[in-house]
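# Survey of secondary and tertiary structure
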Amino acid sequence: MAMALLQSGLKRFEDWAPRDHSQDRPKAEDHVKDMYSFGKIGGKFVYFNPVVAFFSFGGVWAIVIWAMAAQGSAARKTWDAQVWVTDIWAWLYMITQNVWIVVLFYLLFKHYNLKLGKDDDKPEFSDGAYFAMLFSCGVATGLWYFSAEAMWHYEGYGTPRWMDEKMFNMNTRAEHAVMVTFFHWGLHGWIPYTVVGALIAILSYRRGFPMSMRFTLYPLIGEMVYGVLGDMIEILSILCTIFGVCTSLGLGAMQINKGMVRLDRGTYLGKDYNGCTGAELPGVACEGNTGMEEDRTVQICIIIGITLLATASVVMGLKKGIQVLSFVAFGLSVFILVAILFMDHTWYILNVLTSSFGYYLWYLPKISFHTDAWEELGAASLGQGGAPDGRGGAAGWMNGWTIFYWGWWISWGPFVGTFLARISKGRKLGHFIIATLILPSIWSFVFLGIMGAAQIRMSNQAISAGLDGTTIATRYGSYADKTAIGWTQSLEDDDGNPYTKWVPVPDSVTRLYWLGTEDVLFEHLSAYGGQGWATFMTVITLICIVLYFITSSDSASFVVDIMAANGVEEPPLLQKIFWAFTEGAAACALLASASEDNPKAALNAVKAIPIILGLPFTFLLFWMCQGLVIVCHEEAKREEAERENVPLIGRRHFKMFLLNFEKVTFISCVFPFYGLGVVAEKIGWCK
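In this report, the structure presented in the accompanying data block is examined.

What counts, and where the lines are drawn
- Residues numbered from 1 in each chain as written.
- Predicted model: local features only at pLDDT ≥ 70, side-chain atom pairs only at ≥ 80, totals over all residues.
- Heavy atoms only, no water.
- Pairing = 2+ DSSP bridges.
- Helix = DSSP H or I, 4+ residues; strand = E, 2+ residues; numbered from the N terminus.
- Buried < 20%, exposed > 50% of the residue type's maximum accessible area, 1.4 Å probe, protein only.
- Contact = heavy atoms within 4.5 Å.
- Polar contact = N/O pair within 3.5 Å; in protein donor to acceptor, adjacent residues only side chain to side chain.
- Patch = residues over 30% accessible without salt bridge, like charges linked within 9 Å, V, L, I, M, F, W, Y side chains within 5 Å.
- Areas by Shrake-Rupley, 256 points an atom, 1.4 Å probe, with all protein chains shown as cover.
- Salt bridge = Lys/Arg side-chain N within 4 Å of Asp/Glu carboxyl O.
- Lys, Arg positive; Asp, Glu negative; His and termini not counted.
- Charge placed at Lys NZ, Arg CZ, Asp CG, Glu CD.
- Axes fitted to C-alpha atoms, helices over the stretch in contact; angles between N-to-C directions.
- Parallel < 35°, antiparallel > 145°, perpendicular 65-115°, else oblique.
- Left-handed = near helix turned anticlockwise from the far one by under 90°.
- Nonpolar A, V, L, I, M, F, W, Y, C, P; charged D, E, K, R; others polar.
- Core = buried A, V, L, I, M, F, W, Y, C linked by side-chain atoms within 4.5 Å.

## Looking at the pairing of strand S3 (residues 486-492)
- Both S3 and strand S4 (residues 498-504) contribute to a ladder of seven bridges, which runs antiparallel. Each bridged residue has a counterpart across the sheet, and for Trp-487 the counterpart in S4 is Val-503.
- The turn joining S3 and S4, which pair antiparallel and follow one another in sequence, is formed by five residues; a positive phi near 85° is taken by Gly-496.

## What to know about the environment of Trp-185
- Relative to the elements of secondary structure, Trp-185 occurs in helix H10 (residues 170-185).
- In this structure Trp-185 comes out as buried when scored by relative accessible area, which is 4%.
- Considering only alpha carbons, one finds Trp-185 and Trp-406, 221 residues apart in sequence, at a separation of 9.8 Å.
- Other than its neighbours up to four places away in sequence, Trp-185 contacts Val-139, Gly-142, Leu-143, Phe-146, Glu-149, Trp-190, Tyr-405, Trp-409, Ser-441, Ser-444 and Leu-448.

## Considerations on the environment of Glu-234
- Mapped onto the secondary structure, Glu-234 falls in helix H13 (residues 228-265).
- A C-alpha to C-alpha distance of 9.8 Å links Glu-234 and Val-51, two positions 183 residues apart in sequence.
- Apart from the residues lying within four places of it in its own chain, the contact partners of Glu-234 are Val-52, Ser-212, Met-213, Arg-214 and Met-563.
- Among the polar contacts made by the side chain of Glu-234, one reaches the main-chain amide nitrogen of Met-213 at a distance of 3.4 Å.

## Quick look at a negative patch on the surface
- On the surface, Glu-492, Asp-493, Asp-494 and Asp-495 cluster together into a patch of negative charge.
- Residue classification places Glu-492 among the exposed residues on the basis of a relative accessible area of 58%.

## Overview of the packing of helix H14 (residues 296-316) against helix H23 (residues 573-592)
- Running from N to C, H14 and H23 cross one another at 170°; their axes reach a closest spacing of 9 Å. Between H14 and H23, the angle is such that the two are roughly antiparallel. Two packed elements cross with a definite hand, and for H14 against H23 that hand is right-handed. Between H14 and H23, the residues in contact are Arg-296, Gln-299, Ile-300, Ile-303, Ile-304, Thr-307, Leu-308, Thr-311, Val-314 and Val-315 and Leu-573, Lys-576, Ile-577, Ala-580, Phe-581, Gly-584, Ala-587, Cys-588, Leu-591 and Ala-592, respectively.
- When its residues are assigned to classes, the contact of H14 with H23 shows 14 nonpolar, four polar and two charged.

## As for the nonpolar core
- Grouped together as the largest cluster of nonpolar side chains are 199 residues, with contacts concentrated most on Phe-135, Trp-144, Phe-419 and Ile-423.
- Broken down by element, the residue count for this core peaks at 16 residues, all from helix H22 (residues 531-564).
- If you look at the next biggest cluster of nonpolar residues, it comprises eight residues, including Leu-467, Ile-485, Trp-487 and Val-509.

Listed below in structure tokens is the structure:
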């Protein structure tokens, strides 16, 4: 028995080469027979891979319980692990993103017309619905949370290198801040989604493979994906997805809670107007109409509500659920952006967008390889070789921003990439790359560029007027001493005689940098009108954010269920509900366990998990890129062979492998000199 198992295992390692499955395995159902499964494909109640499902579910709750029980310790340990990843592997993250983008642009031009499906397949969704869904799934919630990123960079959060006044004046610093924001949300960020999505779509819709992450390595390791290695890839993907969405639910609930409290209290430009006794001191909150507070109970109720709505959306399906919600959410976000564009200084914002985009294109070759190598050595006094002049940025900025982003984008690759593959049947590879890499980057530039330009202009107003943000009276123009905070303007009368005029700071001017993360967006939008306008925009923004959270949650539940069900495109309904409830329950548990003095403790412990798991996915993405190139070349050869009626070229004839697994590869991992011994024996050295 043991010998039979050993021989079976060796056979699996030996029989690695992929095959043309057009004849022996024409359907996805033919592949899942070689994987563990429970239930019947197409059944109404359950069908899942017990190994993947149980280990994923157990892993999620093991980590959640650990984070709840040892909040401070867990947060420190995961933070230390994240710092190790970002400190040690920053160079790898920067290099890999550039390699992948070269591969994608090569495929864009080389295999533009390759169909993600059969040659006669048509797209399932319209172009508008397609873009709304991919954007809602990919980054929409993150864009709202980080809508003030350009302003934060401009003000110097974390002390970046461009705060050196001898290198950058405030105008060039502003342009650089917007450009860095473009870099974080541009082409390099969307790469993991595009690579994973393109490869899964080709394998699923052209070759009949299940829509499963394990098969992204099939072009390299073949039949081995049906075994333990494939299960590990699926489990890792599910953990990344659930913890990424779980963290977003927790942070999003806090942002929504803040907006609801502002509505209840009638907050406008730093002042509360509802439920006030009239005796409140400046900056002291009023009770509001209902007495709503920012606390865990409200946030847990918000998560429960979002989870129920997301579950309903999943039950309704892609076309009636996710598609409709994505359309509405995207339309509301367009309305908000257009309102800012035309109610702020329109021509100024258009100039910023144009200038910053050109700066991004010009600076991209440099910033895409920049690692803050000398800044990471720290201050000169540490004795590690830091710059003696004390100029430049501070250690940790690169890891806290750029490398954090790259890890986050990569860890979300399995979830978003699988979802993109699911909605991309019938599209051409070139269209897919443009729609998932270039167009979302441009829309992110527009979104963050408009937000950033407006907020930087407001910040300059506040700084020049004397609002330093240290107290409530120097944070909001509405609280400021109008005789001391403002501008002395030098003017000329009609006869050309100079004179000065004192202009007090308007109530609408706010030092946004000194506000809480959840307050910046709402205070920014309130600055364009009266209290009624502020209430209206707060309501619209909250609806938009809630819808985006629902679409992210339901698409994540949909994808996790596909992964746990061996890649079956339409798993049973009960399983979709189960995974949607699992995400919501995990987020609720993390919030409920937090202490009053540190409500984000447990969330912070798991927030680093996707970043940590992003490291192994970096290596997987390397192999996926290689597999994508191999598959595209094979499909091109297939079409050529069919046109000319000649045999298809064998896979081992391709001269493009970056790695090549054989049985001796795995034996050598345990016995390093085995391969050398075989070679020595064959050439006669052992005689």
